[in-house]
Amino acid sequence: IYMGKRVALSILMLPGFIIANWRGAVLTMNILAALFIVNIFLLIYEMLGEKKSAFYCSLLAAASFPMIYFCARFLYHVPAALFVLLAYRKINNLNQEKFRETLFIGLLLAVLPWFHPQYMAVVVILLCFFAFKMRRNLKQIFSIIIILASSLILALAVNFRITGGLFTVEEPYLGFYDRGV
């Protein structure tokens, strides 16, 4: 299954597609959107400590036009936003001693360029936030940098193979669909 999008979205949709064809892929996308809304609730609750405010904000986000639009289509924005939000929440509540959390954050950040090269800027910002929070633990900072560098090199190679350029953002293979063929 390769639907004219970046690799990460295709891989995320694959289990649902295998189980129930296109309906399973749509269900997978909606589950990811629901997880995103739950994480909005959790982030606001963690920041404000008020369930009522968190509930209304997450309800507003769920009922917004972009959320409804993105859930009905196979676009990478909702899963990428979920990964960004999860990484931010994990970094914000980071325990200095737990190396597993660092690995989880590294994997979340490492996947983002696989959605689209534009997310590399978000990865750099979150990496700086992580480095600031972990400034006393260089081992964890270097381990996450190694994870990100490995993923980035592989993502650039795949991007080069698909689009013909390392940082090419255009997706020339979509022209096939634009011509109505």
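Structural notes, computed from the coordinates. (Residues numbered from 1 in each chain as written. Predicted model: local features only at pLDDT ≥ 70, side-chain atom pairs only at ≥ 80, totals over all residues. Heavy atoms only, no water.)

### Regarding the pattern of salt bridges
Step number 1: All chains considered together, the criterion is met by one salt bridge.
Step number 2: Residue Arg89 is joined to Glu46 by a salt bridge in which the shortest nitrogen-to-oxygen separation is 2.7 Å. Taken together, the positions of Arg89 in helix H4 (residues 77–92) and Glu46 in helix H1 (residues 7–48) put the pair 43 residues apart, joining distant regions of the chain.
Step number 3: Residue classification places Arg89 among the buried positions, given a relative accessible area of 14%.
Step number 4: We classify Glu46 as partly exposed; its relative accessible area is 36%. (Salt bridge = Lys/Arg side-chain N within 4 Å of Asp/Glu carboxyl O. Helix = DSSP H or I, 4+ residues; strand = E, 2+ residues; numbered from the N terminus. Buried < 20%, exposed > 50% of the residue type's maximum accessible area, 1.4 Å probe, protein only.)

### Section: the packing of aromatic side chains
Step number 1: A complete count under the given rule lists five aromatic pairs for this structure.
Step number 2: Between Tyr76 and Tyr119, the ring centres sit 6.1 Å apart and the planes meet at 90 degrees, which makes this aromatic pair edge-to-face. One end of the pair, Tyr76, is in the loop between helix H3 (65–71) and H4; the other, Tyr119, is in the loop between helix H5 (99–115) and helix H6 (120–133), with 43 residues separating them in the sequence. Accessibility classification places Tyr76 together with Tyr119 in one group, the buried group.
Step number 3: Their ring planes at 20 degrees and their centres at 5.5 Å tell us that Tyr88 and Phe129 sit as a pair that is stacked. Residue Tyr88 is located in helix H4, and its partner Phe129 is located in helix H6; the two are separated by 41 residues in the primary sequence. (Phe/Tyr/Trp six-rings, centres within 6.5 Å; stacked < 30°, edge-to-face > 60°.)

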